[in-house]
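So you can see what is in the structure, the chains are spelled out below.
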Amino acid sequence: WRLTRRVIGNSPMGEAFSTYFKQSGFGAILAFIMFYRFGEAMILKIVPLFFLGKVAEGGMGLDVDEVGKIYGISLPAGLILGGLAGGAVISKVGLRRAFWPLVICMHTPNLLYCLVAYERPDNHLWLYPVAFLEAFGYGFGFAGYFVYLMYVAQRRPEFRTSHYAIGTGLGALFITFAGILSGILQQALGYFGFFVAACAFTLPGTLTLLFIPMDEEETKKVKAAGDH
């Protein structure tokens, strides 16, 4: 820590880090980055194992080819359409008004995996629309996450690139923690219990929307700039 401070403490990089962590409302911003995608990331890590898992162990018992078809058809279509739809909604009504619909649509499809893990339908065709809706919701909600990180970066225009990189780096770090926790919970609770727990982990990120700093006019400008 001392060596790092000595090397970058008085450099532009050090100033970029310092201004990012000392900005107003940083605690709420960090909580948002930490938890907004946490539950969703947990589910994304376990779903392939759930599809491939043995029926006797609570999985769906699919073969690799069928899982490949689901991921090759439903997920790309859902992510692309969801991202486009999320961006369109933000452009039209602004991030503040769009955030709650975005986060609800992002997390509600996760309940479908609870239902599938509980019922485990014999007809595996049901997994295609479930995977599509979950991917669509993720793409839809991720648009809000992306725009908000751009907004945070624009609060200090002289460091906007560095601040955006710091935000995305922190997000990736917490996604890694989500993956570690998802494996532990799945082993402890089984697939159905895990999906229920993952849905519960979506609540902290949702509640951060009540506290994060946000200027509506600024977020509109950021989204417009991103469109160009």
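Parameters at a glance
- Residues numbered from 1 in each chain as written.
- Predicted model: local features only at pLDDT ≥ 70, side-chain atom pairs only at ≥ 80, totals over all residues.
- Heavy atoms only, no water.
- Phe/Tyr/Trp six-rings, centres within 6.5 Å; stacked < 30°, edge-to-face > 60°.
- Buried < 20%, exposed > 50% of the residue type's maximum accessible area, 1.4 Å probe, protein only.
- Salt bridge = Lys/Arg side-chain N within 4 Å of Asp/Glu carboxyl O.
- Axes fitted to C-alpha atoms, helices over the stretch in contact; angles between N-to-C directions.
- Helix = DSSP H or I, 4+ residues; strand = E, 2+ residues; numbered from the N terminus.
- Left-handed = near helix turned anticlockwise from the far one by under 90°.
- Nonpolar A, V, L, I, M, F, W, Y, C, P; charged D, E, K, R; others polar.

## Description of the packing of aromatic side chains
Both the distance between ring centres and the angle between the ring planes are used here to describe each pair of aromatic rings. In this structure the tally under the stated criterion is 28 aromatic pairs. Between the aromatic rings of F21 and F26, the centroid separation amounts to 5.1 Å while the plane-to-plane angle is 80°, which identifies the pairing as edge-to-face. The partly exposed category is assigned to F21, whose relative accessible area is 37%. With 5.9 Å between their ring centres and 10° between their planes, Y36 and Y145 make a pair best called stacked.

## Brief notes about the pattern of salt bridges
For the structure on display, the rule yields one salt bridge. For E158, the salt bridge goes to R156, with nearest N and O atoms at 2.5 Å. With a relative accessible area of 31%, R156 lands in the partly exposed category.

## A few points about the packing of helix 4 (residues 38-52) against helix 9 (residues 160-200)
For the pair helix 4 and helix 9, interaxial distance at closest approach is 8 Å and the crossing angle is 60°. Considering the relative orientation of helix 4 and helix 9, their crossing is right-handed. Split into classes, the residues belonging to the contact of helix 4 with helix 9 amount to 18 nonpolar, five polar and one charged.

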